[in-house]
Amino acid sequence: MKYAFLFRFNLCLLAVALSGCGKSDHSDASAGPRTPVQEVGVVTLTPQRVAITEELPGRTTAFRISDVRPQVNGIIMKRMFIEGSEVQEGQQLYQIDPASYQAAYDSAKAALAKAEATLAVDRLTEQRQKKLADTHVVAPQDYDTAYATMKEAEADVALNKASVETAHISQTYTKVLSPISGRIGRSSVTDGALVTNGQTTALATVQQLDPIYVDLTQSSSQLLRLQRELNNSQLKSVRDQNAAVRLILEDGTEYSEKGTLQFSEVSVDQGTGSVTLRAVFRSCASRGRRESTSHPRSATGRHSQSAGSAHRVSCRSEQQGRTPHAAH
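Small disclaimer: the values here were computed from a predicted structure and weren't measured.

Participant: Go over the pairing of strand S8 (residues 204-219) with me, naming the residues and quoting the values.
Facilitator: The sheet contact formed by strand S1 (residues 49-68) and S8 spans 10 bridges and is antiparallel. Its bridge partner lying in S8, Arg-59 is registered against Asp-215. Bridge count between strand S6 (residues 182-184) and S8: 2 bridges; the pairing is antiparallel. In the sheet register, Ile-184 faces S8, and the bridge partner there is Val-206. One ladder, built from 8 bridges, connects S8 with strand S12 (residues 274-281); its direction is antiparallel. Directly across from Val-214, in S12, lies its bridge partner Ala-279.

Laid out in structure tokens, this is it:
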């Protein structure tokens, strides 16, 4: 009886085990394929400097412009430069007839020599009269007259020296010199033309194109937006660095030299609602590189452009943003 009970108990355990295995297989079959494990990446956001780039229209302007005008009256005897060429500061451009000015200079020198001779005699007379006056040989008024005559002769010498200097300056002005170094344009007069001091028409114009300015226009609304972001600490200005400027020419090519932003005007144009910014660029020619159409120097008439030609300019300044998404 005891053995029969144990046999029944073992059969029950076997039945339970087989029942459990059947349920497990059925459950695995109904669950379907397992989902693959997904890889997850982690990105840490940190503040960093980002470049704020604005593309603005611009127009090139000469660094320095000088109109050449005569400072004396006379006839142009010779033009001494080639139109469109490079000239140096102090180089002679025109020669005005110097005959009358040379004569005036010689006359002034002769008058000075005469005044100096008269002064020498008057000084000797003053010295003699002083000795006689000390010994009471002559009246004191005679010495006073000799002393006054000597002083008058000294004043005549000083006056004639000034006349000589004036005549020399006028004679020098017959050589019309270039006031600055740069490229000279066409001449408005020819040999034999009469020119006068103070005339409104310039004889020629010299433009310095190395370095060269680029005047930009930006709307006041853009400036207000940037200022608002700076005030709200969304952006942080790097004030110890100048904004870098890239120049894109009219044909779409980029100028090889990079410029810097110099200043921004404080007044807003009432007609356009924009402000003017000025950038400065170096000329490629100053470094010995000659480019046919891709530098501002070509915009001076050599390639049918002018110093006032329009270009697109990209201004890039380093700013501090809260996140990398602060870039525009």
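Resuming the write-up.
Participant: Can you break down the nonpolar core residue by residue, with the values?
Facilitator: Among the nonpolar cores identified, the biggest contains 17 residues, and Leu-93, Tyr-94 and Ile-184 are the most heavily contacted of them. Looking at which element gives the most residues to this core, the answer is strand S4 (residues 92-96), with 3 residues. Leaving out residues up to four positions away in the same chain, Ile-184 has contacts with Phe-81, Ile-82, Glu-83, Gly-84, Ser-85, Val-87, Leu-93, Ala-204, Thr-205 and Val-206. Membership of the second largest hydrophobic core comes to 14 residues, among which are Leu-209, Ile-212, Val-214 and Val-245.

Participant: If you had to explain the sheet that holds strand S7 (residues 194-195) to someone new, which residues and values would you point to?
Facilitator: Taken together, the 4 strands give an open sheet; going across it, the order is S5-S4-S2-S7, and neighbouring strands pair in antiparallel fashion. Strands with a single pairing partner mark the edges of an open sheet, and in this sheet they are strand S5 (175-177) and S7. Pairing geometry for S4 and S5, over 3 bridges, is antiparallel. Considered in S5, the bridge of Tyr-94 is made with Val-176.

Participant: Lay out the packing of helix H2 (residues 99-134) against helix H3 (residues 140-173) in plain terms, naming residues and giving numbers.
Facilitator: Following both chains from N to C, one finds H2 and H3 inclined at 165°, their axes separated by 7 Å at the closest point. Classified by the angle between their axes, H2 and H3 sit roughly antiparallel to one another. Between H2 and H3 the crossing geometry is left-handed. Across the contact of H2 with H3, the residue classes tally to 17 nonpolar, 10 polar and 10 charged.

Participant: Help me get a handle on the environment of Ala-193, residues and values and all.
Facilitator: For Ala-193, the position within the fold is in the loop between S6 and S7. Each C-alpha atom, one on Ala-193 and one on Met-77, is 8.1 Å from the other, the two residues being 116 residues apart in sequence. Each residue touching Ala-193, except ones within four places of it in the same chain, is listed here: Gly-74, Ile-75 and Ile-76.

Participant: Describe in detail H3, supporting the description with residues and values.
Facilitator: If you check H3, its first and last C-alpha atoms are 50 Å apart, about what 34 residues at 1.5 Å a residue would give, namely 50 Å. Burial in H3 covers these residues: Tyr-143, Ala-146, Met-150, Ala-153, Val-157, Asn-160, Val-164, Ala-167 and Gln-171. Summarising the contacts, the buried residues of H3 are in contact with H2 and S5.

Participant: Go over the side chain of Gln-208 with me, naming the residues and quoting the values.
Facilitator: Inspection of the secondary structure assignment puts Gln-208 in strand S8. Only 3.0 Å separates the side chain of Gln-208 from the backbone oxygen of Asp-210, close enough to count as a polar contact. When sequence neighbours within four positions are dropped, the list of residues in contact with Gln-208 reads Ala-62, Phe-63, Arg-64, Ile-180, Ser-181 and Gly-182.

Participant: Before we move on, can you summarise the pattern of salt bridges with the specific residues and values?
Facilitator: Within this structure, the stated rule accounts for 6 salt bridges. Linking Asp-215 and Arg-278 is a salt bridge whose minimum nitrogen-to-oxygen distance equals 2.7 Å. Within this pair, whereas Asp-215 is found in strand S8, its partner Arg-278 is found in strand S12, the two being separated by 63 residues in sequence. Two residues, Glu-254 and Arg-246, come together in a salt bridge whose shortest N-O distance is 3.4 Å. If you follow the salt bridges from partner to partner, you end up with Arg-123, Lys-151 and Glu-154 in one network.

Analysis parameters
Residues numbered from 1 in each chain as written. Predicted model: local features only at pLDDT ≥ 70, side-chain atom pairs only at ≥ 80, totals over all residues. Heavy atoms only, no water. Pairing = 2+ DSSP bridges. Helix = DSSP H or I, 4+ residues; strand = E, 2+ residues; numbered from the N terminus. Core = buried A, V, L, I, M, F, W, Y, C linked by side-chain atoms within 4.5 Å. Buried < 20%, exposed > 50% of the residue type's maximum accessible area, 1.4 Å probe, protein only. Contact = heavy atoms within 4.5 Å. Axes fitted to C-alpha atoms, helices over the stretch in contact; angles between N-to-C directions. Parallel < 35°, antiparallel > 145°, perpendicular 65-115°, else oblique. Left-handed = near helix turned anticlockwise from the far one by under 90°. Nonpolar A, V, L, I, M, F, W, Y, C, P; charged D, E, K, R; others polar. Expected span 1.5 Å × (residues − 1). Polar contact = N/O pair within 3.5 Å; in protein donor to acceptor, adjacent residues only side chain to side chain. Salt bridge = Lys/Arg side-chain N within 4 Å of Asp/Glu carboxyl O.

Worth remembering: the numbers are spatial, not functional.
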